[in-house]
Amino acid sequence: MHRQTHWQSEIEKCHRMNLTRNIPVLRFLDVTHGVTEVGHRLFVACTNDYLGLRFHPEVIESAQKCMCGGGFGSSGARLTTGAHPLANQLERELADFKRSEAALIFNTGYMANVGLISTVGRSGDVIFSDEKNHASIIDGCKLSHAKVVVYPHRDVGRLRELLDEHRSMQSCFIITEGVFSMDGTVAPLPELLQLAETFDAHIIIDDAHSLGVLGEGGHGTLEYFNILPNPRIIQVGTCSKALGSLGGFVCGSKCLIQYLYQRSRPFICSTMLPASILAASSKALQILQGQPERVRRLKQLSEMAKSIFSKCGMVFPPEAVAILPIIIGDETTTMKIFENLYQQGIYLAAIRYPSVPLGHARLRLSVCSEYVEDEWRDTLSCIVNTIKAVVGNFPGSVPTE
Ligand SMILES: Cc1ncc(COP(=O)(O)O)c(C=O)c1O
């Protein structure tokens, strides 16, 4: 009974602070439009399906075919009931795409981070984690037996000092997102890699929001910086964003992948993804490689948004492509803008604490290569006008440092 009272008071606290999370029931009609239970049609301006692949007919067809031929569920973890040939095939394809020696699929990107970090971080090790890293990285760190040191966002100077202070520790890992999910900023990978070499550390890059977005071919952060993988670099990714499917993965040396295979509990102890999902991911990856124009179009539509917003004095991080956060700050104002836009038929997610710090609430605008240009332009104008109407003036410059 005591716990019930506590839970109720926490829920009421969320209401008072305008932090209550409500999940809208939304059925998607196509890549960019959804309709609510009461028939309210919405343009969804916050998708993670950056290349619109989840509605691609070939992606859907490959999943359907696979399901019809072999049932839906996978019936068990790979180590108990065996692996569908598509699991090995997709791992080869992902490893090649990330120019890595080998890959291992987990059920989600969240599990990939937790499964990797909790397994490699051992007692006597130290993990340096960017303060803006995703919850799955934070949870992976918590589950590891390593010491965890959080460094200020993209602050290479401070990280160097911290690495220096921890020279006596056994193994070091630097963990960063490639593209930061709530800010759109890009990790300073060349500098981080230099530090990793100086201090003999490994570097883990979570490319959840970089795949399909960064680099000419959408290969991610390494391609963007023209860096070739080496055994020091471990890449994490997910098929749930730009590939429009589901499933996380880790790419690295054969030795690392073999080690995870033997030791990583989220891999060992959880039922494998259905083969139809693997088929969809594989097809989406093929389409991405065959149609790099999708990546180019994503950048063009992003530039359009940046240009419209900059005319109002609002500047996004220059390197931001698919994620363009409009930082409002105050939670109540952010929700007012969200609700106003919702009434006008635009769904633009309001991100609040605990996803971002208190007082840093934002609207997470994101770009999809399949937005129709006129509709995108109209949507952007509507967002700009609504913010002006609610806030009075534009919140100003967005970069978070
Ligand atoms: C940076 C980052 N890493 C990992 C994940 C988890 O990926 P998934 O949704 O496939 O579990 C997310 C998803 O929100 C993310 O933003």
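Anyway, here's the lowdown on the structure attached to this text. Computed from a predicted structure; not experimentally measured.

**Focus on the pattern of salt bridges**
Now for step 1: Counting across every chain of the model gives 17 salt bridges.
Now for step 2: Residue E319 is joined to R154 by a salt bridge in which the shortest nitrogen-to-oxygen separation is 2.9 Å. You can see E319 sitting in the loop between α13 (293-310) and β11 (323-329) and its partner R154 sitting in the loop between β6 (147-151) and α7 (156-165), a full 165 residues away along the chain.
Now for step 3: The class of E319 is buried, set by a relative accessible area of 16%.
Now for step 4: When salt bridges that share partners are traced, they join K132, D183 and R362 into one network.

**Details of the packing of aromatic side chains**
Now for step 1: Evaluation of the coordinates by the stated rule reveals nine aromatic pairs.
Now for step 2: Between F43 and Y371, the aromatic rings sit 5.0 Å apart at their centres with planes inclined by 45 degrees, giving tilted as the arrangement. Separated by 328 residues along the polypeptide, F43 in strand β3 (residues 41-44) and Y371 in the loop between β14 (361-366) and α15 (373-391) bring together distant segments of the chain. Y371 matches F43 in its accessibility class, with the two residues each being buried.
Now for step 3: Consider the rings of F106 and F267, whose centres lie 6.2 Å apart with planes at 70 degrees: the pair is edge-to-face. Of this pair, F106 sits in strand β4 (residues 102-106) while F267 sits in helix α11 (residues 265-268), and the two are 161 residues apart along the sequence. Accessibility assignment for this pair places F106 and F267 in one class, buried.
Now for step 4: Pairwise contacts between aromatic rings join F43, Y371 and W376 into one cluster.

**Here's the deal with the site of the ligand**
Now for step 1: Neighbouring the ligand are 14 residues, the closest being G109, D206, H209, T238 and K241.
Now for step 2: Take K241: an N or O atom from its side chain is 3.1 Å from an oxygen atom of the ligand.
Now for step 3: Across the complex, the protein chains shield 83% of the 390 Å² of accessible surface that the ligand would expose by itself.
Now for step 4: Per-element accounting of the shell around the ligand gives the leading share, three residues, to helix α5 (residues 109-120).

**Concerning the pairing of strand β2 (residues 33-36)**
Now for step 1: Side-chain alternation along β2 places H33 and V35 on one buried face and G34 and T36 on a second face that is also buried.
Now for step 2: Looking at chain direction, strand β1 (residues 26-28) and β2 are connected through three bridges and run antiparallel. Its bridge partner lying in β2, L26 is registered against T36.
Now for step 3: The hairpin turn running from β1 into β2, its antiparallel successor, is four residues long.
Now for step 4: Examined bridge by bridge, β2 and β3 share three bridges and lie antiparallel to one another. Paired with V35 across the strands is R41, a residue of β3.
Now for step 5: In textbook terms, the turn of a hairpin is the stretch between consecutive antiparallel strands, and for β2 and β3 this stretch comprises four residues, one of which, G39, has a positive phi near 85 degrees.

**As for the packing of helix α2 (residues 57-70) against helix α12 (residues 275-290)**
Now for step 1: Closest axis-to-axis distance for the α2/α12 pair is 8 Å, and the angle between their directions is 150 degrees. Our classification of the angle between α2 and α12 gives roughly antiparallel. For the crossing formed where α2 meets α12, the hand is right-handed. Residues E58, V59, S62, A63, C66 and M67 of α2 form the contact with α12, whose own contacting residues are A275, S276, A279, A280, K283, A284 and I287.
Now for step 2: Within the contact of α2 with α12, the residues separate by chemical class into nine nonpolar, two polar and two charged.

**So, unusual backbone geometry**
Now for step 1: The omega torsion of the bond from Y353 to P354 falls at 10 degrees, within 30 degrees of zero and hence cis.
Now for step 2: Within the secondary structure layout, P354 lies in the loop between β13 (350-351) and β14.
Now for step 3: Here R99, not a glycine, exhibits a phi torsion of approximately 50 degrees, which is positive.
Now for step 4: When you line up the elements, R99 lands in the loop between α4 (85-97) and β4.
Now for step 5: One non-glycine residue, R154, adopts positive backbone phi at about 60 degrees.

**Details of the sheet that holds β13**
Now for step 1: Strand order in the open sheet made by the three strands is β11-β14-β13, with antiparallel pairing throughout. The open sheet has two edge strands, β11 and β13, and neither has a second partner.
Now for step 2: Across six bridges, β11 lies against β14 in antiparallel orientation. Directly across from I327, in β14, lies its bridge partner R362.
Now for step 3: Strands β11 and β14 of the sheet are contacted by α15, whose axis makes an angle of about 170 degrees with β14.

Procedures and definitions
- Residues numbered from 1 in each chain as written.
- Predicted model: local features only at pLDDT ≥ 70, side-chain atom pairs only at ≥ 80, totals over all residues.
- Heavy atoms only, no water.
- Salt bridge = Lys/Arg side-chain N within 4 Å of Asp/Glu carboxyl O.
- Helix = DSSP H or I, 4+ residues; strand = E, 2+ residues; numbered from the N terminus.
- Buried < 20%, exposed > 50% of the residue type's maximum accessible area, 1.4 Å probe, protein only.
- Phe/Tyr/Trp six-rings, centres within 6.5 Å; stacked < 30°, edge-to-face > 60°.
- Near = heavy atom within 4 Å.
- Polar contact = N/O pair within 3.5 Å; in protein donor to acceptor, adjacent residues only side chain to side chain.
- Areas by Shrake-Rupley, 256 points an atom, 1.4 Å probe, with all protein chains shown as cover.
- Pairing = 2+ DSSP bridges.
- Axes fitted to C-alpha atoms, helices over the stretch in contact; angles between N-to-C directions.
- Parallel < 35°, antiparallel > 145°, perpendicular 65-115°, else oblique.
- Left-handed = near helix turned anticlockwise from the far one by under 90°.
- Contact = heavy atoms within 4.5 Å.
- Nonpolar A, V, L, I, M, F, W, Y, C, P; charged D, E, K, R; others polar.

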